[in-house]
Amino acid sequence: MALSSQHGCLSMNPRLLENQCKVDAIMPFGNTHNQLKMNYTAEQEYPDLSKHNNHMAKVLTPEMYANLRDKQTPSGFTLDDVIQTGVDNPGHPFIMTVGCVAGDEETYEVFKDLLDPVIEDRHGGYKPTDKHKTDLNPDNLQGGDDLDPNYVLSSRVRTGRSIRGFCLPPHCSRGERRGIEGLSVEALGALDGDLKGKYYALKDMTEEEQQQLIDDHFLFDKPVSPLLLASGMARDWPDARGIWHNDNKTFLVWVNEEDHLRVISMQKGGNMKEVFNRFCTGLTKIEELFKEKGHEFMWNEHLGYVLTCPSNLGTGLRGGVHVKLPNVSKHEKFGEILKRLRLQKRGTGGVDTAAVGGVFDISNADRLGFSEVELVQMVVDGVKLLVDMEKCLEAGQSIDDLMPEQK
Amino acid sequence: MTSSRGSDAYRTQYLTPFIWRKLICFYRVKMASSFARILSSKRKVGILSLVGAGSLTVGFFLNREQHVNAGAQVRRIYPPSAEYPDLRKHNNCMASHLTPAVYGKLCNKTTPNGYTLDEAIQTGVDNPGHPFIKTVGMVAGDEESYEVFADLFNPVIKERHNGYDPCNMKHPTDLDSSKIRGGQFDDKYVLSSRVRTGRSIRGLSLPPACTRAERREVEKVVVDALAGLKGDLAGKYYSLTQMTEQEQQQLIDDHFLFDKPVSPLLTCAGMARDWPDARGIWHNNEKTFLVWINEEDHTRVISMEKGGNMRRVFERFCKGLQEVERLIQEKGWEFMWNEHLGYILTCPSNLGTGLRAGVHVTLPRLGKDPRFPKILDNLRLQKRGTGGVDTAAVGNTFDISNLDRLGQSEVQLVQTVIDGVNYLIECEKKLERGQDIKIPAPISQFK
């Protein structure tokens, strides 16, 4: 019969009849399958979190799940999308991961019943009514240009930015991701002076370019961490991903990795002031360029800059140094000192590595509730003190009277 | 919203009585009485969506309006050309057949459960493939995927299954093991024999798309049925979330335990979500019949034993499968099956019989003979290492199994393996005696 040739094979399934073209073009990747879940009770769908230890698992209750599960953001992001990474990654007994992500700006509003307590827990008691201050004026930073380069090997400040109106990496379509890349490359292409640079798309780079970027420690690769993979951020890799950096190799932007943009300013030595200067200038310039084209960054006065992971809200800023602290790091009060200074330590390979040869990555522990200037000030002041302590211990002196107050 | 709705209405009013009649015909006679039971019991999900199609769509839009914040920009709508994946470096079946035209035609469609084309092809986009191995590159999220996205699935199926055309060919299902001739190999050569397949529970989404509740329902339905097995099939279920340390170690020692998939081919399709919730292993007390629940498919069924008694392995296989089918039907459930695609599974490569029947066989001389690959080819067999699909052979022992899945019945495929392995053993014996061997004539693919 005529219909066979039109539609391939004759359908055997009566359920098919009702719905071949249900959602027409408005939301090409909308979350229509969320309706399927509503055929089951909340209890039947509730995840088993008995072995879990992450912020999401601590906050989510069956009641909360029941209240939120039929909701979705305008782009179709649902509660199950938010929590999937936390369900799939129970966490580590010693490290508390966040366990949820945002698929768009509205996620933080639609699912505030879950995300507000997660944010409060993760960001030291930050309340839903609190306001976040943004300060990208580098002149407000005191000092920071004289960290001893015999100890401080390199200085770095990074943050992220999201382009308003687009979905975030866990949820964006290929078209959106390419749109983000296009806009970003255009904006970055207009930077000049010491910020002038070049874009390297991951899928188009040559062998030589790739090797150079690896040697410069600039190249990022497809995420392997299950925390990221489970949230869907690595879909369609390496489509619309790339790296931009200035000719001086001191200002670097990652496009469409874990966030729309990750912006990094860095250089060898201890001149954090210069690094922060360039950071602020570059970011402000990029924001202006986006505005000229009618786009802005996701930002609001409660959450500051909106990024994919709730842990990066506010400033999204991690300012840090690679610093030699072989003696201080062995001191029994090292952990306590860092805590009081509101700093954290990592290995020089990044968040999941251990320190090698007494060299630590020391950076601010906070992201939200403090401004950019305040956070970098804490790093500058804190690292200065740590280096002084290191020199004391080298000389055989005690550091007891150098112990800081809790910031 | 426009012409497609029109043709929907046409199909609805024209085809409904036709479809119901067809349904009743293709059910095998013994299942006819359960048809009524199926309608009245667990099919609420399907029936509801049939009735509520219009309201479901309206509900979706209403829900959307409610959550648009003041000041948020309206979402961009990209044309299919902006969404079309970059497949220039890809070498998988999906990439070979997903033209911009096909993408444009299918990208806005969804199955009744809401599964989309982008979800179906995600694994193929994320895994360009290997220059020497051609992977499939797409999966089904539910039974209807094969229908809604037929314009892409059909050519992929045709390529993967060596020319089988779902549009005009029928797949024979035959689980009557009494038809097998021979099937008892010389234990000197054949170390073990094994037959595996998969089965999906109709009405529940497949692993790439299923919700937690659906997955738990699959587990419940299957475990309930397996608990009804008796005699040499009686056994026990080990849930991945609840097994003890000792049970886990025993299952590892028996080589029964499956772990969370690490292959990006599977993880990119979403099959590992919520691991290990509702996953488990069932096996009979004699450890010759094994069922995996909610791994890559709803169920994977394996019959095996040491030595060369493939006949007995297949007998147990058929008996076990038929028993399980009877037991789920008693509760109003059935397997996904249709006369064009046979048993419906997640990966198009496993359609039809989903059957891989194989042996671990030692062929020290034949294995080194340059004619070996051609002999296998003509016998419609494939070789793998004894570690499974991605391993190389170690020493002189090979995993030899059927190449085909779709277009021939279970009996036919197992007979092919039996006849083929017999031939291989004959070749090995000839080479032992210093005699020459012959490459056999190629056997026909579709019987």
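For clarity, every value in this text was computed on a predicted model and none was experimentally measured.

Calculation rules
- Residues numbered from 1 in each chain as written.
- Chains lettered and ligands numbered in written order.
- Predicted model: local features only at pLDDT ≥ 70, side-chain atom pairs only at ≥ 80, totals over all residues.
- Heavy atoms only, no water.
- Helix = DSSP H or I, 4+ residues; strand = E, 2+ residues; numbered from the N terminus.
- Buried < 20%, exposed > 50% of the residue type's maximum accessible area, 1.4 Å probe, protein only.
- Contact = heavy atoms within 4.5 Å.
- Areas by Shrake-Rupley, 256 points an atom, 1.4 Å probe, with all protein chains shown as cover.
- Pairing = 2+ DSSP bridges.
- Core = buried A, V, L, I, M, F, W, Y, C linked by side-chain atoms within 4.5 Å.
- Salt bridge = Lys/Arg side-chain N within 4 Å of Asp/Glu carboxyl O.
- Axes fitted to C-alpha atoms, helices over the stretch in contact; angles between N-to-C directions.
- pLDDT = per-residue confidence, 0-100.
- Expected span 1.5 Å × (residues − 1).
- Phe/Tyr/Trp six-rings, centres within 6.5 Å; stacked < 30°, edge-to-face > 60°.
- Lys NZ or Arg CZ within 6 Å of the ring centre and 35° of its normal.

Draft legend 1. Looking closely at the overall build of chain B. Secondary structure assignment for chain B yields 16 helices and ten strands. With 447 residues in all, chain B has 57% of them scored as buried. At a minimum sequence separation of 6, the contacts of chain B that also span at least 24 residues come to 74%. Carbon together with sulfur atoms contributes 56% to the accessible area of chain B, which is approximately 19100 Å² in total.

Draft legend 2. Looking closely at the pairing of strand β3 (residues 280-284) of chain B. Residue and element names in this part refer to chain B. Among the five residues of β3, five are classified as buried, and the element is accordingly described as predominantly covered. Relative to β3, strand β2 (residues 235-239) runs antiparallel, the two sharing five bridges. In the sheet register, Ser 239 faces β3, and the bridge partner there is Gly 280. Linking β3 back to strand β4 (residues 289-293) in an antiparallel pair, the connection comprises four residues, with Lys 287 at a positive phi of about 60°.

Draft legend 3. Highlighting the nonpolar core. Counting 60 residues, the largest nonpolar core has Ile 201, Met 310, Leu 366, Ile 400 and Leu 424 of chain B as the members making the most contacts within it. In terms of residues, this core owes the most to one element, helix α16 (residues 410-432) of chain B, which gives ten residues. Every residue in contact with Ile 201 of chain B, bar those within four places of it in the chain, is listed here: Val 218, Val 221, Val 222, His 298, Ile 328, Trp 333, Glu 334, Phe 335 and Met 336 of chain B. Within the second largest apolar cluster, 59 residues are counted, among which are Val 152, Ile 163, Tyr 199 and Leu 341 of chain A.

Draft legend 4. Fine view of the pairing of strand β5 (residues 261-268) of chain A. Residues and elements named next belong to chain A. Burial runs high along β5: seven of the eight residues are buried. Bridge analysis of strand β1 (residues 152-161) against β5 gives eight bridges, and the strand direction is antiparallel. Within β5, the position partnered with Thr 159 by the bridge is Val 263. By the bridge criterion, five bridges tie strand β4 (residues 251-255) to β5 in an arrangement that is antiparallel. Paired with Val 255 across the bridge in β5 is Leu 261.

Draft legend 5. Main features of helix α6 (residues 79-88) of chain A. For α6 of chain A, the buried fraction is high: nine of the ten residues fall into the buried class. Those residues of α6 of chain A that sit buried are Leu 79, Asp 80, Val 82, Ile 83, Gln 84, Thr 85, Gly 86, Val 87 and Asp 88 of chain A.

Draft legend 6. Examining the pattern of salt bridges more closely. Applying the stated criterion across every chain, the model contains 57 salt bridges over all chains. The salt bridge involving Asp 259 of chain A is made with Arg 262 of chain A; its shortest N-O contact spans 3.1 Å. Arg 262 of chain A shares its class with Asp 259 of chain A; the two are buried. Close ionic contact of Glu 296 of chain B with Arg 300 of chain B constitutes a salt bridge, the shortest N to O distance being 3.5 Å. Ionic contacts of the salt-bridge type, sharing partners, join the residues Lys 37 and Asp 80 of chain A together with Arg 212, Arg 215 and Asp 274 of chain B into one network.

Draft legend 7. Up close: the environment of Gly 382 of chain A. Residues and elements named next belong to chain A. Here Gly 382 shows up in helix α14 (residues 372-394). Relative accessible area serves as the criterion here: at 0%, Gly 382 is assigned to the buried category. If we skip the residues at most four places from it in the chain, Gly 382 touches Leu 341 and Leu 343.

Draft legend 8. Expanded view of unusual backbone geometry. That bond from Trp 237 of chain A to Pro 238 of chain A is cis: its omega, 0°, falls within 30 degrees of zero. A cis amide bond, omega 0°, links Trp 275 of chain B with the succeeding residue Pro 276 of chain B. Phi is positive for Arg 380 of chain B, which is not a glycine, with a value near 60°. For Arg 380 of chain B, the location among the structural elements is in the loop between α15 (372-378) and β9 (381-384).

Draft legend 9. Main features of the sheet that holds strand β9 (residues 343-346) of chain A. Residue and element names in this part refer to chain A. Spatially, the eight strands line up as an open sheet ordered β2-β3-β4-β5-β1-β8-β10-β9, and their pairing is antiparallel. The sheet is open, and its two borders are formed by β2 (197-201) and β9, each paired with just one other strand. Averaged over all adjacent pairs, the angle separating strand axes in this sheet is 20°, with direction ignored. Examined bridge by bridge, strand β3 (residues 242-246) and β4 share four bridges and lie antiparallel to one another. The residue bridging Ile 243 from the neighbouring strand is Trp 254, located in β4.

Draft legend 10. Layout of the environment of Lys 438 of chain B. Structurally, the position occupied by Lys 438 of chain B is in the segment after α16. For the pair Lys 438 of chain B and Ile 344 of chain B, spaced 94 residues apart in the sequence, the C-alpha separation amounts to 38 Å.

Draft legend 11. Structural context of the sheet that holds strand β8 (residues 356-362) of chain B. All names here are of chain B. Strand order in this open sheet of eight strands is β2-β3-β4-β5-β1-β8-β10-β9, and the pairing throughout is antiparallel. The sheet is open, and its two edges are formed by β2 and β9, each paired on a single side. The sheet shows a mean angle of 20° between the axes of neighbouring strands, direction not considered. Bridging between β8 and strand β10 (residues 397-402) involves five bridges; their strand directions are antiparallel.

Draft legend 12. Focus on the confidence of the model for chain B. Residue and element names in this part refer to chain B. Of the residues in chain B, 81% reach a pLDDT of 70 or more, and the chain-wide mean stands at 84. Here residues 1-76 is a poorly scored stretch, pLDDT under 50, and it has 95 contacts once near neighbours within four places are set aside; other chains count. Predicted as a complex, the structure gets a pTM of 0.84 and an ipTM equal to 0.86.

Draft legend 13. A look at helix α12 (residues 272-292) of chain A. All names here are of chain A. For α12, built from 21 residues, the straight-helix expectation of 30 Å at 1.5 Å per residue is met to within 8% by its first-to-last C-alpha distance of 30 Å. For α12, the set of buried residues is Met 272, Val 275, Phe 276, Arg 278, Phe 279, Cys 280, Gly 282, Leu 283, Ile 286, Glu 287, Leu 289 and Phe 290. Directly beyond the C-terminal end of α12, a positive phi value near 85° is found at Gly 294.

Draft legend 14. Just the packing of aromatic side chains, in detail. Per the counting criterion, the structure on display carries 14 aromatic pairs over all chains. Between Phe 220 of chain A and Trp 254 of chain A the ring centres are 5.2 Å apart and the planes differ by 50°, which places this aromatic pair in the tilted class. Of the two residues, Phe 220 of chain A is situated in the loop between α10 (207-215) and α11 (226-229) and Trp 254 of chain A in strand β4; the sequence distance between them amounts to 34 residues. Among the residues examined, Phe 220 of chain A registers a relative accessible area of 5% and is labelled buried. Taking the relative accessible area as the measure of exposure, Trp 254 of chain A reaches 16% and is therefore buried. Relative to Phe 289 of chain B, the ring of Trp 282 of chain B lies with its centre 6.3 Å away and its plane at 80°, an arrangement referred to as edge-to-face. Pair check on accessibility: Trp 282 of chain B and Phe 289 of chain B agree, each one buried. Linked through ring pairs, Phe 220, Trp 237 and Trp 254 of chain A together constitute an aromatic cluster. Directly above the ring of Tyr 305 of chain A sits Arg 161 of chain A, whose terminal nitrogen or CZ lies 3.4 Å from the centroid. The ring of Tyr 343 of chain B has Arg 199 of chain B lying over it, and the distance from NZ or CZ to the ring centre is 3.4 Å.

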